Structures are given as structure tokens and as C-alpha cells.
Amino acid sequence: MPDKKTLTRSIYITTNLTCNLRCIYCYEQDKTSKITFDLEQAKNTLQEILSVKTDKGTLVNFHGGEPFLSYAKIKELCEWAWAQNFPETFKFFATSNGTLIHGEIQDWLYKNRNRFVVGLSLDGTKEMQNINRSNSFDLIDLDFFIKTWPKQGVKMTISPKTIHSLADGLIFIHETGFKDVRANLAEMIDWSDPLYMEIYKRELEKLSEYYLLHPEIEKCSLFSIYFAGLVNKDVRKWCGAGTEMEAIDVDGRKYPCHLFFESVCGKEKSEKAAAIDFTDPNQYTSEHCRSCQLLPICPTCYGSNYVARGDIAARDLSLCELHKIRFAEVAKYEYNRILNDPTDITTLSNEEKYKRMRTLEGIEKLATILELK
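About the cut-offs
- Just so you know, the residues in each chain are numbered from 1, in the order the chain's sequence is written.
- In keeping with the model being predicted, local features are shown solely for residues with a pLDDT of at least 70 and side-chain atom pairs are shown and tallied solely at 80 or more, while totals for entire chains, interfaces and linings include all residues.
- Each side-chain value is worked out from all heavy atoms of the structure, with water and hydrogens disregarded.
- Segments assigned H or I by DSSP are reported as helices when at least four residues long, segments assigned E as strands when at least two residues long, and all are numbered from the N terminus.
- Put simply, the radius of gyration uses C-alpha atoms, and a globule should come to 2.2 Å times the residue count raised to 0.38.
- Three exposure classes are used, based on accessible area relative to the maximum for each residue type with a 1.4 Å probe and protein chains only: buried under 20%, partly exposed in between, and exposed over 50%.
- Residue contacts are counted whenever heavy atoms from the two residues lie within 4.5 Å of one another.
- Reported accessibility uses the Shrake-Rupley method at a 1.4 Å probe radius. Residues are deemed covered only where the shown protein chains occlude them.
- All tallies of charge rest on Lys and Arg as positive and Asp and Glu as negative; His and the ends of each chain are not included.
- Working definition for charges: the position is that of NZ of Lys, CZ of Arg, CG of Asp or CD of Glu.
- Here, a strand pair is defined by DSSP locating no fewer than two bridges between the strands.
- The length a helix should cover is 1.5 Å for every residue beyond the first.
- Pairs of N or O atoms are called polar contacts if they sit within 3.5 Å, as long as, within protein, a hydrogen donor faces a hydrogen acceptor (for residues adjacent in sequence, only side-chain-to-side-chain pairs).
- Two aromatic rings, drawn from Phe, Tyr or Trp (for Trp, its six-membered ring), form a pair once their centres lie within 6.5 Å of each other, and the interplanar angle then sorts them: stacked below 30 degrees, edge-to-face above 60, tilted otherwise.
- Only when the NZ of Lys or the CZ of Arg is both within 6 Å of the ring centre and within 35 degrees of the ring normal is a charge said to sit over the ring.
- For the purposes of this analysis, a disulfide is any pair of cysteine sulfur atoms at a distance within 2.5 Å.

A few points about the overall build of the protein chain
Part 1: From N to C terminus, the protein chain includes 15 helices and 8 strands.
Part 2: Taking 373 residues into account, the globule formula puts the C-alpha radius of gyration at 21 Å, and the protein chain, at 21 Å, falls close to it.
Part 3: Relative to its full complement of 373 residues, the protein chain shows a buried share of 52%.
Part 4: Pairs at least 24 residues apart make up 77% of the contacts formed inside the protein chain by residues separated by at least 6 positions.
Part 5: Accessible area of the protein chain: about 18,000 Å², with a carbon and sulfur share of 51%.
Part 6: Positive and negative side-chain charges of the protein chain, numbering 48 and 53 respectively, have mean locations separated by a distance of 2 Å.

This is the structure in C-alpha cells:
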């Protein structure tokens with residue numbers, strides 16, 4: 001999706017709860033509701049938000065279900081917003097399974113491609129996609145996405161049924177032509193089986209070899225780790241939930257993110273979410289994790305923590321060993337990449353030299369923590 005670092009804030013507008021697919025890892029509890037977002041209410045929300053100028057602008061994110069089941073309303077809301085003279089700069093974004101983006105919807109999106117971006121959920125090869133996402137591979141026009149948003153990528157979710165093909169799936173997505181590839185293990189899944197650890201290590205090793213052979217390819221998000229954080233010991237908040245982000249449900253109620261909706265976490269948890277202070281590090285970092293030396297580079301999803309365990313700080317500890325495997329394999333990759341880079345170090349900028357130095361310091365720190373050789 002558009003780089004959040006270039007935007008001041010994000011808001012989510014839930015378009016509908018229904019979806020035409022049944023993905024095996026989906027967290028939505030209710031996919032049968034016919035309720036869609038109220039158009040006038042959405043206009044009022046945008047009127048309020050976009051009337052306030054920010055430094056870098058606002059991302060308006062349409063979220064489902066499958067948002068394009070509500071295409072007519074999305075189209076009307078966008079065209080209304082574009083016709084207003086808001087002081088705020090803004091861009092629309094939707095995450096989609098891509099299966100409905102044909103015909104009129106394609107034409108409209110292509111016409112407005114500079115102000116409306118679609119992020120595609122694609123779980124790898126045809127076999128992987130069909131296993132995870134309801135035999136939907138042949139329903140997606142991949143060429144359209146690459147042509148329309150050449151710098152926009154895809155999101156690949158890895159399930160226990162596709163982890164054995166992780167590397168092949170990511171390589172397929174890269175070689176299909178997508179530039180920005182984001183990948184993650186499915187949330188709210190039990191990953192504690194030691195077999196997953198063995199497979200994950202093997203697949204990351206395979207992917208590392210591919211990236212070393214193809215340095216021109218932008219690495220997927222699994223290989224993006226800020227190792228310098230281990231030296232700085234910076235404990236950062238992992239997303240904008242409850243601070244830079246606001247999610248609006250179909251009934252108009254506002255939440256820290258879409259995982260706090262009643263349709264996802266239930267009525268009781270949803271109501272209690274309003275009391276969470278997302279600005280307080282003590283509320284989103286547990287006592288168990290606070291003493292861990294890997295905390296500065298260890299990702300988490302506050303919404304998934306809340307849905308599964310009722311506490312945004314209660315991380316999924318079944319992921320700990322998998323995270324360590326990822327850290328170790330990516331550290332080996334980064335070390336080999338830097339060591340074998342033919343670039344004359346004297347030609348690098350001071351910023352790049354500093355970045356390399358801090359990365360290597362972080363890798364050295366990681367090696368000590370994990371007792372790597």
C-alpha cells in the first residue's frame with residue numbers, strides 16, 4: 001500500500017462485512033451480514049476529517065469483507081470527495097481479493113489510478129492461492145494490477161497449508177512483476193508445531209539464496225529487519241492503531257483498528273477497546289516481553305493479540321521460535337550481502353556507511369543473543 005511514512009494519518013472505512021471468498025485463515029466471524037456503509041454518514045466523516053490540513057496527508061482505506069461488493073457506493077463517495085475543495089491532501093486505498101475487478105470496475109480504477117490505489121491479496125503460486133483463498137487464482141487479472149499500479153505490490157499470507165511453498169510463492173510473485181511484496185504468517189493460528197520451524201528455516205534459506213543471486217529485486221517484507229534497533233534498544237510501536245489510525249465500522253462507530261470491530265472480536269471486547277491507551281508503551285508491551293533482548297525487532301499485531309487473548313500486549317508466544325529463525329536467516333543474508341557487495345566503500349555516502357555499520361553491529365548483537373556461529 002502507499003508508504004505510511006509519507007502520510008500523517010490513516011482512516012479505515014468499513015464498506016461491508018460480506019465476502020465472496022472463504023479464506024482458511026480469515027478472522028471475520030460474520031460474513032453473512034448484508035449491512036453496508038451509510039453513504040451520507042461516510043461523507044460527513046470525510047467532511048470532518050479532510051477539512052483539517054495535516055503535514056503529509058491522509059490515506060482513506062476501504063476495508064471489507066471484499067470492498068468491491070460495495071463498488072457503487074465507493075464510487076459515489078470518491079467522486080463526491082474529489083469534487084470538494086478540501087484543504088487536506090488525500091488518497092483512497094482498498095485491499096481486495098481482486099476477483100471482482102473486471103469490466104466497469106477496472107475501467108473506473110484505471111481512470112483514477114493516481115488517486116485510488118488497490119492492494120491485491122495474493123498468496124503465492126496458483127496452488128497456494130487456491131488452497132488458501134477459495135480456488136480464486138484464475139479469477140484475478142494480474143496483468144491489470146501490474147499495469148495500473150506498477151509500484152504497488154501484493155500481500156501474501158502464509159498458512160500452515162502453504163508454508164512448505166513459501167519461497168516458491170514469493171519468487172513467483174517477484175517474477176510475475178510485482179515490486180512491493182509483503183508477506184506474513186497468518187495471525188491467530190497455532191504455529192507451535194516444531195515441523196513449522198524446520199520448514200520455515202528451509203524456505204527462508206532458499207529465499208535468501210534467491211535474493212543473493214538477484215540483488216536487483218526488492219526484497220519482501222520478511223527480509224526487512226531493522227537490526228540497528230538491537231544496538232539502539234529502541235522499542236517502537238508497530239502500527240498506527242489507536243494513534244495515527246482510526247477505523248470506522250459500518251454502523252459509524254470508531255475503533256483503534258478494524259480488528260476491534262464487534263464483528264471480529266465480539267461485543268464485550270469491542271466495547272472495552274475504547275479504554276485502551278495506545279500512547280502508553282506499558283499497555284502494548286507485556287512484562288514477559290519487556291525483558292527480551294529481541295523486543296526492538298520483534299513484530300506484533302495488537303489487534304490479533306486482543307482478539308485471541310484479550311490484551312493488546314499479550315503476544316502469540318507460539319511465534320517466538322519462528323521469529324528467531326527469521327531473524328537469524330535474514331541476519332546471515334544481510335551479512336553476506338554486505339560482505340560480498342562489490343561497491344567501492346569509498347564511493348558510499350556517509351549515511352550509507354553509517355547504516356551499514358549499524359546493521360553489522362546489530363547483527364553482531366543478534367549473534368550473541370541467539371548464540372549464532
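Quick word on the sheet that holds strand 8 (residues 254-255)
Part 1: With mixed pairing, the 8 strands of this open sheet are ordered in space as 6-5-4-3-2-1-7-8. Of all the strands in the sheet, the pair left with one neighbour each is strand 6 (181-185) and strand 8.
Part 2: Sheet analysis places strand 1 (residues 9-14) next to strand 7 (residues 245-248), joined by 4 bridges and oriented parallel. Residue pairing for strand 7: Ile13 is matched across the bridge by Ile248.

Here we look at helix 15 (residues 350-370)
An α-helix turns once per 3.6 residues; consequently, residues spaced three or four apart project the same way.
Part 1: For helix 15, with 21 residues, the first-to-last C-alpha span of 30 Å sits near the 30 Å given by 1.5 Å per residue.
Part 2: The complete set of buried residues in helix 15 reads Arg356, Arg358, Thr359, Gly362, Ile363 and Leu366.
Part 3: Tucked inside the fold, the buried residues of helix 15 contact helix 8 (229-232) and helix 14 (320-339).
Part 4: One or two steps after helix 15, the chain reaches Glu371, where phi turns positive at roughly 55 degrees.

What to know about helix 1 (residues 39-50)
Part 1: Relative to the 16 Å expected for 12 residues at 1.5 Å per residue, helix 1 spans 16 Å between its end C-alpha atoms, a close match to the ideal helical length.
Part 2: As for helix 1, its buried residues are in contact with strand 1, strand 2 (58-63), helix 2 (71-83), strand 3 (90-96) and strand 7.
Part 3: By the N-cap criterion, in which a side-chain oxygen at the helix start approaches the backbone nitrogen of a residue two or three places on, helix 1 is capped by Asp38, the distance to Glu40 being 3.2 Å.

Quick notes on the packing of aromatic side chains
Part 1: Under the defined criterion, the tally for this structure stands at 24 aromatic pairs.
Part 2: With 5.3 Å between their ring centres and 70 degrees between their planes, Tyr255 and Phe261 make a pair best called edge-to-face. An identical accessibility class is assigned to Tyr255 and Phe261; each is buried.
Part 3: In this structure an aromatic cluster arises from ring pairing among Phe62, Phe68, Tyr71, Trp80, Trp82, Phe86, Phe90, Phe92, Trp108 and Phe116.
Part 4: For the cation-ring pair, Arg115 lies above Trp82, with the distance from its terminal atom to the ring centre recorded as 3.8 Å.
Part 5: Its end group placed over the ring of Tyr110, Lys147 keeps NZ or CZ at 4.9 Å from the ring centre.

Structural notes on the environment of His258
Part 1: In this fold, His258 is placed in the loop between strand 8 and helix 9 (262-265).
Part 2: It is 20 Å that separates the C-alpha atoms of His258 and Asn44, two residues lying 214 residues apart in sequence.

Observations regarding the state of the cysteines
Part 1: This structure, assessed with the given rule, holds 0 disulfides.
Part 2: Not part of a disulfide, Cys298 finds its nearest cysteine sulfur in Cys320, a span of 6.3 Å.
Part 3: Overall, Cys298 belongs to the buried group, its relative accessible area being 14%.

Points about unusual backbone geometry
Part 1: The amide bond that connects Gly64 to the next residue, Gly65, takes the cis arrangement and shows omega of 25 degrees.
Part 2: Within the chain, Ser134 stands out as a residue other than glycine whose phi angle is a positive 55 degrees.
Part 3: Along the chain, Ser134 turns up in the loop between helix 4 (126-132) and helix 5 (142-148).
Part 4: A residue is classified by how much of its surface remains accessible, and Ser134, at 29% relative accessible area, is partly exposed.
Part 5: With a phi close to 60 degrees, Met188 is a non-glycine residue in the positive phi region.
Part 6: Mapped onto the secondary structure, Met188 falls in the loop between strand 6 and helix 7 (194-213).
Part 7: Residue Met188 is classed as partly exposed on the basis of its relative accessible area, which comes to 31%.

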